[in-house]
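# A look at the structure
If you want the building blocks of each chain, they are given just below.
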Amino acid sequence: MMGGVDSDGVAGERTTSSRVRMTGKQRREQLLDIGRALFAERGFDGTSIEEIATRARVSKPVVYEHFGGKEGLYAVVVDREMERLLHSITTALGSDSHPRALLERAALALLDYIETSTDGFRILVRDSPVAQSTGGFASLISDAASQVEYLLAAEFTSRGFDAAHAPMYSQMLVGMVALTGQWWLDVRQPDKTEVAAHLVNLAWNGLAGLEHTPALNGSTDPSHP
């Protein structure tokens with residue numbers, strides 16, 4: 001029997017065996033999963049539409065139909081990862097707790113994300129393609145800092161400091177945590193709780209007031225105040 005392309009864009013031999021056909025939504029999710037894994041492994045430039053299509057067992061036009069090209073697929077993957085990570089950080093900062101406890105939760109939320117969504121974080125810390133105007137590590141830091149800024153402003157005001165400096169300090173704080181997370185992505189030593197404790201030690205006490213054996217004092221579960 002002659003080969004061809006089935007109605008779902010799958011290239012290969014026509015057979016009488018039943019094939020579970022995907023809905024448009026299912027096919028889109030499959031392509032996103034495959035693209036996510038390839039972008040994490042090889043980066044944007046090292047990933048091709050051909051390989052995405054081959055792994056999904058579809059023709060290239062199917063990928064173009066859903067995303068318009070590799071750039072479109074990459075943009076959706078990055079947006080999803082940004083949303084997931086920022087949601088984790090926002091949730092960690094959402095409870096009414098002592099500022100140190102909030103800092104502990106935010107640091108641990110980032111490390112939790114790295115541990116459970118390693119591929120996603122690898123994509124975020126890679127350089128975005130030139131055509132991509134948003135997304136990437138710098139954008140992640142900026143968006144996360146905006147979540148922290150209002151908390152720092154309130155804390156500065158209560159302590160008699162100039163709240164106008166809060167945006168600058170939020171960039172410093174989030175940048176320190178994010179870059180440490182990028183380092184921990186590969187080394188994974190020490191464990192995430194100890195890393196978070198040392199991050200909080202430096203951020204909270206400063207170099208002049210470092211504790212010799214830092215430990216997390218507040219709740220480490222962002223879902224519980």
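As the structure is a prediction and not an experimental result, all values here were calculated from the model.

The rules behind the values
Residues numbered from 1 in each chain as written. Predicted model: local features only at pLDDT ≥ 70, side-chain atom pairs only at ≥ 80, totals over all residues. Heavy atoms only, no water. Helix = DSSP H or I, 4+ residues; strand = E, 2+ residues; numbered from the N terminus. Buried < 20%, exposed > 50% of the residue type's maximum accessible area, 1.4 Å probe, protein only. Contact = heavy atoms within 4.5 Å. Areas by Shrake-Rupley, 256 points an atom, 1.4 Å probe, with all protein chains shown as cover. UniProt positions renumbered as here; feature names shortened; annotations may be inferred. Phe/Tyr/Trp six-rings, centres within 6.5 Å; stacked < 30°, edge-to-face > 60°. Lys NZ or Arg CZ within 6 Å of the ring centre and 35° of its normal. Core = buried A, V, L, I, M, F, W, Y, C linked by side-chain atoms within 4.5 Å. 1 Å grid on protein atoms, 1.4 Å probe; cavity = no way out; pocket = protein on both sides within 12 Å on 5 of 7 lines; lining within 4 Å. Points joined across faces, edges and corners; volume = space filled by probe spheres on them.

## Some remarks on the overall build of the chain
- Looking only at helices and strands, one finds 9 helices and 2 strands in the chain.
- The buried share of the chain, reckoned over its 225 residues, is 41%.
- The long-range fraction of contacts in the chain, counting pairs at least 24 apart against all pairs at least 6 apart in sequence, stands at 61%.
- Carbon and sulfur atoms form 54% of the exposed surface of the chain, whose accessible area is close to 12200 Å².

## Remarks on the UniProt feature "DNA-binding region" (unreviewed entry) in the chain
- Under the UniProt annotation, "DNA-binding region" (unreviewed entry) lies at residues 48–67.
- For the annotated span residues 48–67, helix accounts for 80% and strand for 0% of the residues, and the straight-line distance between the end C-alpha atoms is 14 Å.

## Side note on unusual backbone geometry
- The omega angle of the peptide bond from Q189 to P190 is -5 degrees, so this bond is cis rather than trans.
- Mapped onto the elements, P190 comes out in the loop between α8 (166–187) and α9 (192–205).
- Here the phi dihedral of R57 falls at roughly 60 degrees; this positive angle occurs in a residue that is not glycine.
- In this fold, R57 is placed in the loop between α2 (49–56) and α3 (60–67).

## Some thoughts on the side chain of S170
- Along the polypeptide, S170 turns up in helix α8.
- A relative accessible area of 1% means that S170 is categorised as buried.
- Once residues within four sequence positions are removed from consideration, S170 is found in contact with A145, V148, E149 and L152.

## Here we look at the packing of aromatic side chains
- All chains considered together, the criterion is met by 6 aromatic pairs.
- Aromatic pair F39 and F44: ring centres 6.2 Å apart, planes at 20 degrees, arrangement stacked. Accessibility assignment for this pair places F39 and F44 in one class, buried.
- Here the aromatic rings of F156 and Y169 are separated by 5.2 Å at their centres, their planes lie at 75 degrees, and the arrangement is edge-to-face. On the criterion of sequence distance, the pair formed by F156 in helix α7 (residues 137–158) and Y169 in helix α8 is long-range, its members being 13 residues apart.
- Assessed through its relative accessible area of 39%, Y169 is described here as partly exposed.
- In this structure an aromatic cluster arises from ring pairing among F39, F44 and Y74.
- Directly above the ring of F44 sits K70, whose terminal nitrogen or CZ lies 4.3 Å from the centroid.

## Quick look at the nonpolar core
- Within the largest apolar cluster, 57 residues are counted, with the highest numbers of intra-cluster contacts made by F121 and L140.
- In terms of residues, this core owes the most to one element, helix α5 (residues 99–116), which gives 9 residues.
- Apart from residues lying up to four places away in sequence, F121 is in contact with L110, Y113, I114, F137, L140, A178, G181, Q182 and L185.

## A few points about the layout of surface pockets
- The space that makes up the largest pocket amounts to roughly 910 Å³.
- Around the largest pocket, the lining comprises 36 residues; the ones closest to its centre are L103, L152, L173, A203 and W204.
- Elements with a contribution of two residues or more to the lining of the largest pocket: α4 (70–92), α5, α7, α8 and α9.
- With 9 residues, the single largest contributor to the lining of the largest pocket is α7.

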